[in-house]
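# A look at the structure
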Amino acid sequence: MPELRHDPILRQWVIIAEERGRRTHDFGNGHEPTPTPTFCPFCEGNETRLPNIIREVKSKREPNRWQVRAVPNKFPALKIEGGLERKGRGIYDRMNGIGAHEVIIESPDHHQKMCDMHLDDLTQVFEVYRERLADLSKDTRFRYVQLIKNHGEAAGASLSHPHSQVIATPVLPAVIDTELQSARHHFRFKERCIFCDILEQEQHDAERIVAQNGDFLAYCPYASRSPFEVTILPRTHSHDFAQSEGWLLRSLAEIVKDVLGRLDRVLNDPPFNLFLHTAPNLKSVRSLRVAGWETLEYDFHWHVEIIPRLTKIAGFEWGTGLYINPTKPETAAEFLRSG
C-alpha cells in the first residue's frame, strides 16, 4: 500500500510507492560517465588556461603539490560587478544578476572520486568550502551563499574532473526560505530546534540511520524525495557552517566519505547532488528583526543533503510539487548499512 509522508522542514508531502519501483538492487546499474574532453582546464599543469586563481591550498601530504583550488566560473550564472538596481515593473519585480559563481577544484587528479580521497585531502576541501563561504558573506549584496556538488552527467556535471560550485545570490532561495520559516515556527512554539528534534527522533527509531560518528548522524529522511536520499546532521547544534572548527570539518569529511563510499559500492557510482544548507548572510540585512531571524542562532541547524539521481522528475512532480519515491527510506538505509 502506498503512503504519503509529510516533511516538517520543507512542508511538503511525498508519496512513497514501492509498488511502482524497481527492486532495491536494480538501482545499482551505475551511470554513463561525464564525457571527458581532450583538454581539461582543471587538471594539474593547465594553470595558464584557468581564470584567475582565487585560492590555492597545498597538499598536507605532498607540500610541493596543490590540493584544492578556487577559481571563478568561466560561465557564471551571476556576475559580481555592479549594483542590484531593484525595480518594479507593474506586478513584476526585477534586479540585476549580481552575485558570485566560483568553482572549487577538489583534486589535481582528474579521476579522483570524493569517496576515494585520502581523509586529509577531503578535509582540506571542506576547509576551502568554509573559507569561501565566509569570504563571500562579507559582501552585503549577497543574501545567501550556496555550495553544491554535481557528480555525473545526470546530476548536471559538465566536467568529470572532481569539483564543486559556490554560488552567492542577492535573494534567498525558496527552499532555504521554507527551511528557515519551519525552523523559526517550531522554535517559537516549542523553544527547541526542529533539526535537533529530528536528530533525536532518528536516533530513537534507528531504522533510517545510514552511518554515524561522534559528531554527525547520517540518515535517510522520513519523507525522502528520492531513493537513497541522505541527510547529514551535526550532533551539536550549530546554525552556521562557516563557524565550524577544523576538527569538526575532519569529522564531517570522515562521514561524507563513508556515506559516499556506501552509495558508490551499493549503487555502482551513481550520479548525485550534494548540497550544503547553512545560515543566510546576516550582513546583508539592516537587522535580524527585518527578516525575522532574531532567533536564527537557536532555531536553524546547518546540514548536508546528498541526493542520488536514480529517478526522473516527470509531469506529475512538475505539475503538483508532489514527489514520488519508489523506495522506502527504511529500505534504502538498510541497504546502505550493508554496503
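This text follows the structure it describes.
Described in the following lines is the structure provided in the data block. Just so you know, the residues in each chain are numbered from 1, in the order the chain's sequence is written. Reporting of local features is limited, given that this is a predicted model, to residues whose pLDDT is at least 70; pairs of side-chain atoms are given and counted only at 80 or more, and all residues count toward the totals for whole chains, interfaces and linings. Hydrogens and water are ignored here; the side-chain numbers use all heavy atoms of the structure.

### Quick word on the overall build of the chain
A run of H or I in DSSP counts as a helix once it spans at least four residues, and a run of E counts as a strand once it spans at least two, with each numbered from the N terminus. Across its full length, the chain holds 8 helices and 15 strands. Using C-alpha atoms as the atom set, the radius of gyration is obtained and then compared with a globule rule of 2.2 Å times the number of residues to the power 0.38. Computed over the C-alpha atoms, the radius of gyration of the chain is 20 Å, within 12% of the 20 Å expected from 2.2 N^0.38 for a compact globule of 339 residues. Viewed in the frame of its principal axes, the chain has a C-alpha envelope of about 60 × 45 × 40 Å. Between buried and exposed lies partly exposed: a residue is buried under 20% and exposed over 50% of the maximum accessible area for its type, with that area taken using a 1.4 Å probe on protein chains only. In the chain, which comprises 339 residues, the proportion classed as buried is 53%. At a minimum sequence separation of 6, the contacts of the chain that also span at least 24 residues come to 72%. When charges are counted, neither His nor the chain ends are considered; positive counts come from Lys and Arg and negative counts from Asp and Glu. Every charge is mapped to an atom, namely NZ of Lys, CZ of Arg, CG of Asp or CD of Glu. Here the chain contributes 43 positively and 47 negatively charged side chains, and the mean placements of these two sets differ by 5 Å. Residue contacts are defined here by distance: any two heavy atoms, one from each residue, within 4.5 Å place the two residues in contact.

### Some words on the environment of Thr295
Structurally, the position occupied by Thr295 is in the loop between helix 5 (288-291) and helix 6 (296-299). Expressed as a C-alpha distance, the spacing of Thr295 and Ile209, which sit 86 residues apart in the sequence, is 29 Å. For Thr295, the residues in contact, after removing those within four places along its chain, are Arg184 and Phe187.

### Some details on the pairing of strand 7 (residues 100-105)
Of all the 6 residues making up strand 7, 6 are buried; the element is thus mostly covered by neighbouring parts of the structure. Burial of strand 7 is two-sided: the residues Ala100, Glu102 and Ile104 facing one way and the residues His101, Val103 and Ile105 facing the other way are all buried. In this scheme, strands are said to pair when DSSP sees at least two bridges between them. The pairing of strand 4 (residues 66-72) with strand 7 spans 4 bridges and is classified as antiparallel. Across the sheet, residue Pro72 finds its bridge partner in strand 7, namely Glu102.

### Side note on the side chain of Ser59
As for its position among the elements, Ser59 is in the loop between strand 3 (55-58) and strand 4. A relative accessible area of 4% places Ser59 in the buried class. Whenever two N or O atoms come within 3.5 Å, that pair is a polar contact, provided that in protein one can donate a hydrogen and the other can accept it, and provided that, for residues adjacent in sequence, both atoms are side-chain atoms. Within polar-contact distance, the side chain of Ser59 engages the backbone nitrogen of Arg61 at 3.1 Å. Ignoring any residue separated from it by four or fewer positions in sequence, one finds Ser59 in contact with Arg65, Trp66, Gln67, Asp121 and Gln124.

### Focus on the packing of aromatic side chains
In this analysis, rings of Phe, Tyr and Trp, with Trp reduced to its six-membered ring, are considered paired at centre separations within 6.5 Å, and the interplanar angle assigns stacked below 30 degrees, edge-to-face beyond 60, and tilted for intermediate values. Inspection of every chain in the model, using the stated rule, returns 6 aromatic pairs. For the pair Phe228 and Phe335, a centre-to-centre distance of 6.1 Å together with 55 degrees between the ring planes defines the contact as tilted. Note that Phe228 is positioned in the loop between strand 11 (216-219) and strand 12 (230-234) and Phe335 in helix 8 (residues 329-337), a separation of 107 residues in sequence. The exposure class of Phe228 is buried, given its relative accessible area of 1%. Grouping aromatic residues by their ring pairs yields a cluster made of Phe216, Phe241 and Trp302.

### A closer look at the pattern of salt bridges
By definition here, a salt bridge exists when the distance from a side-chain nitrogen of Lys or Arg to a carboxyl oxygen of Asp or Glu is within 4 Å. For the structure on display, the rule yields 24 salt bridges. In this structure, the salt-bridge partner of Arg5 is Glu3, at a minimum N-O distance of 3.2 Å. By relative accessible area, which is 28% here, Glu3 ends up partly exposed. Note that Glu62 and Arg65 form a salt bridge whose closest N and O atoms lie 3.7 Å from each other. Look at the salt bridges and you will find they share partners, linking Glu3, Arg5, Glu202, Asp205, Glu207, Arg208 and Glu330 into a network.

### Re the sheet that holds strand 15 (residues 323-325)
Here 3 strands make up an open sheet; going across it, the order is 1-2-15 and the pairing mixed. The sheet terminates laterally at strand 1 (3-7) and strand 15, the two strands that pair on one side only. Between one strand and the next, the sheet's axes are offset by a mean angle of 35 degrees, whatever the strand orientation. Bridge analysis of strand 1 against strand 2 (residues 12-16) gives 5 bridges, and the strand direction is antiparallel. Bridge pairing in strand 2 links Asp7 to Gln12. Lines are fitted to the C-alpha atoms to define the axes, a helix being fitted only along its stretch in contact, and any angle between axes, read from their N-to-C directions, falls within 0 to 180 degrees.

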